Amino acid sequence: MPSSLIESSSHIVLVAHINPDADSLGAACAFYSYLLRSQKKISLFCTSNDIDQRLAFLPWFDKLTQRFPVDADCVICFDCGSYSRLGIDTTLPLINIDHHASNDGYGTHAIIDVSAMSTTQVVYEYFVANSVKINGKIATALYAGLLDDSKCFSLGKCDAKTFAMAHHLIQSGADHAMCTDWLYRRRSLASLRLKGKLLSQMKLLSDGRVALFEVTLGLLEETGATLVECKQILDEALEMRFIQAALMIIEHPRGGSKISLRTDGEVNAAKILKEFGGGGHATRSGARYKQNNDSELIKNLITMITKELV
Ligand SMILES: [Mn+2]
């Protein structure tokens, strides 16, 4: 049982994934709040050094460390769809809490619910099952993950459970206004400039059902936009009526490229990028391609995607 492992541990490290988002870090921060009530040592760890500052409103954000504690005896990771997403190697007992379809259940214990909207929902249900009192800090951290992973409650996957959780969290003190202000009112000028350029270069393929974006290092430099900002355009491309998949190929500074794929769910993004060592969800997936042959890569990907179109 994960709870007895937590019980018997004295220094627990909570791990958010590489380049954390509101869900991964929100889940870790909520757990941090919860475990503070015990007599244990708790660390909040993430291997990335330039963490998205839009997440700075999360409780305990200032406790984040890049240094993995040497005396730790237990690790809990959040929203890491594959083991490599932790960004560290550990031999310690590991509890893997997640909602990614690609998660293979690595770790000593895995709590995975693929039907959950967010990893914070998996944590929320764990808290409810264990009668954990949800205070304002915990509620805000859990709510941030739910809000962001549900695309502000716009995904078709939102159901009664999603809204019941949101209702309970707001009642428990989740700060909705702060979450939306920090997560969605911090867009940079660079990202808007990039958006203009990317949209004018977008190609529509496969009878206009696949959108393709090619991002060079030059374009990123010229606009000053970050990779995260770059990928926002994929979700926007999917807002077009007939688009079923949006594909982005981003030139990598160390050669090769990064692949990002967003789909409507009919086309399984995780399945397509699995061949490239990628992981993620049916609707969103990413992978790293190490060869310098983008035209070949794009041709193959478009063929694979086209096969899945319905
Ligand atoms: Mn998530």
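Caption draft 1: The coordination of the manganese ion, seen in detail. Those protein atoms acting as donors to the manganese ion are D23 (OD), D79 (OD), H99 (NE2) and D149 (OD), and they sit at 2.1 to 2.4 Å. Every donor residue of the manganese ion comes from the same chain, spaced as D-x55-D-x19-H-x49-D. On the criterion of sequence distance, the pair formed by D79 in the loop between β4 (74-78) and β5 (94-98) and D149 in helix α4 (residues 136-149) is long-range, its members being 70 residues apart. For the pair shown, D79 and D149 are each scored as buried.

Caption draft 2: Region of interest: the environment of N103. Residue position: N103 is located in the loop between β5 and β6 (109-112). For the pair N103 and C80, spaced 23 residues apart in the sequence, the C-alpha separation amounts to 7.7 Å.

Caption draft 3: Quick peek at the packing of aromatic side chains. Scanning the model with the defined rule gives 13 aromatic pairs in all. Look at F31 and Y126: their rings are 5.8 Å apart centre to centre, the planes differ by 35 degrees, and that puts the pair in the tilted class. Taken together, the residues F31 in helix α2 (residues 22-35) and Y126 in helix α3 (residues 119-129) connect sequence positions 95 residues apart. Residues F31 and Y126 agree in their burial class; the two are buried. Look at F45 and F68: their rings are 5.3 Å apart centre to centre, the planes differ by 80 degrees, and that puts the pair in the edge-to-face class. You can see F45 sitting in strand β2 (residues 41-45) and its partner F68 sitting in the loop between β3 (64-65) and β4, a full 23 residues away along the chain. Classification of F68 by relative accessible area gives partly exposed; the value is 24%. A network of ring pairs unites the aromatic residues F31, Y34, F78, Y126 and F127 as a single cluster. The ring of W182 carries R186 above its face, with NZ or CZ at 4.1 Å from the centroid.

Caption draft 4: Quick peek at the side chain of S285. Residue placement: S285 occurs in strand β12 (residues 284-289). Exposure remark for S285: the relative accessible area of 4% places this residue in the buried category. There is a polar contact of 2.7 Å between the side chain of S285 and the backbone oxygen of G279. Leaving out residues up to four positions away in the same chain, S285 has contacts with I259, S260, L261, R262, A269, A270, L273, G279 and G280.

Caption draft 5: Representation of the pairing of β5 within the structure. For β5, the buried fraction is high: five of the five residues fall into the buried class. Residues L94, N96 and D98 of β5 are buried on one face, and the alternating residues I95 and I97, pointing to the opposite face, are buried as well. Bridging between β4 and β5 involves four bridges; their strand directions are parallel. From the neighbouring strand, F78 faces β5, where its bridge partner is I97. As defined by bridge partners, β5 adjoins β6 across four bridges and the pair is classed as parallel. By the bridge assignment for β6, I97 is matched with I111.

Caption draft 6: Focus on the sheet that holds strand β1 (residues 11-16). Strand order in the open sheet formed by six strands is β3-β2-β1-β4-β5-β6, with parallel pairing between adjacent strands. The open sheet has two free edges, formed respectively by β3 and β6, since each of these has just one partner strand. Relative to β1, α2 is tilted by about 160 degrees, and along the sheet it contacts β1, β2, β3, β4 and β5. α3 contacts β4, β5 and β6 of the sheet and is inclined by roughly 115 degrees relative to β5.

Caption draft 7: Inspection of the domain arrangement of the protein at higher detail. According to the domain assignment, the protein consists of domain 1 (2-184) and domain 2 (189-308). If you average the C-alpha positions of domain 1 and of domain 2, the two centres end up 27 Å apart. Of the residues lining the interface, five residues belong to domain 1; the matching set on domain 2 comes to five residues. Interface area for domain 1 against domain 2, summed over the two sides, is near 460 Å², with a carbon-plus-sulfur share of 56%.

Caption draft 8: Representation of the pairing of β12 in the model. Burial of the side chains of β12 is restricted to one face: S285, A287 and Y289 are buried, whereas none of R284, G286 and R288 on the reverse face is. Relative to β12, strand β10 (residues 257-263) runs antiparallel, the two being bridged by six bridges. In the strand pairing of β12, S257 is matched with Y289. By the bridge criterion, two bridges tie strand β11 (residues 279-280) to β12 in an arrangement that is antiparallel. Residue pairing in the sheet places G279 in a bridge with G286 of β12.

Caption draft 9: Spatial organisation of the nonpolar core. Formed by 53 residues in total, the largest nonpolar core has its most connected members in L14, F31, I76 and F127. Per element, the largest residue contribution to this core is 10 residues, and it comes from α2. Those residues in contact with F127, other than ones at most four positions away along the chain, are A30, F31, Y34, V132, I134, I138 and L142. In this structure, L212, I259, A269 and L297 belong to the second largest nonpolar core, which totals 21 residues.

What counts as what
- Residues numbered from 1 in each chain as written.
- Predicted model: local features only at pLDDT ≥ 70, side-chain atom pairs only at ≥ 80, totals over all residues.
- Heavy atoms only, no water.
- Donors = N, O, S within 2.8 Å, 3.2 Å for Na, K, Ca; no water.
- Helix = DSSP H or I, 4+ residues; strand = E, 2+ residues; numbered from the N terminus.
- Buried < 20%, exposed > 50% of the residue type's maximum accessible area, 1.4 Å probe, protein only.
- Phe/Tyr/Trp six-rings, centres within 6.5 Å; stacked < 30°, edge-to-face > 60°.
- Lys NZ or Arg CZ within 6 Å of the ring centre and 35° of its normal.
- Polar contact = N/O pair within 3.5 Å; in protein donor to acceptor, adjacent residues only side chain to side chain.
- Contact = heavy atoms within 4.5 Å.
- Pairing = 2+ DSSP bridges.
- Axes fitted to C-alpha atoms, helices over the stretch in contact; angles between N-to-C directions.
- Domains from an automatic or database assignment.
- Buried area = accessible area lost by both parts, 1.4 Å probe.
- Core = buried A, V, L, I, M, F, W, Y, C linked by side-chain atoms within 4.5 Å.

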